[in-house]
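Results of the structural survey
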Amino acid sequence: MVGIVIVSHSQKLAEGVAELAGMMAKGVDIAAAGGLEDGELGTSFARIEAGIESVNGEDGVVVLADMGSAFLTAELAADAQAGGRVRLANAPLVEGAVLAAVTAAGGATLDEVFQKAESAGCWDKRALGA
């Protein structure tokens, strides 16, 4: 099954998004990689790398990041992984994480999970309630 890594400047935010996605998709390995080692806001290459390693099974990993340096650091961490089995989705963090996790829970491939996460950027939230 494809694993998911949530990257944020805030450990609490990363944990919350991981918790929500995990509630929607039981059994999917989801890692939260947020904040700095000292608990301050920021992004840590080492935390992201450890998150990727913790959920990287034979099907690969989709990484989602909030913004700015979190996305850039996640990109470096994803690129550092051998074999091209780590994909960084350009997607809204919460919506992309939930879609990725639900799709992964259904046994989808890495490419399918990645594409579903990125499709979250096309949602019109006003239309969802109509």
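Here's a quick rundown of the structure. Predicted, not measured: the structure shown is a model, and the values here were computed from it.

With that settled, the discussion passes to the sheet that holds strand β4 (residues 86-89). Read from one edge of the open sheet, four strands run β2-β1-β3-β4, paired in parallel fashion. Of all strands in the sheet, those bounded by a partner on one side alone are β2 (30-34) and β4. Neighbour-to-neighbour, the strand axes of the sheet open up by a mean angle of 20°, direction not taken into account. As paired strands, strand β3 (residues 61-65) and β4 are joined by four bridges and run parallel to one another. Bridge pairing in β4 places Val 61 opposite Val 86. Along the sheet, helix α5 (residues 110-119) contacts β1 (3-8), β3 and β4; its crossing angle with β4, the most-contacted strand, is approximately 10°.

What counts as what
- Residues numbered from 1 in each chain as written.
- Predicted model: local features only at pLDDT ≥ 70, side-chain atom pairs only at ≥ 80, totals over all residues.
- Heavy atoms only, no water.
- Pairing = 2+ DSSP bridges.
- Helix = DSSP H or I, 4+ residues; strand = E, 2+ residues; numbered from the N terminus.
- Axes fitted to C-alpha atoms, helices over the stretch in contact; angles between N-to-C directions.
- Contact = heavy atoms within 4.5 Å.

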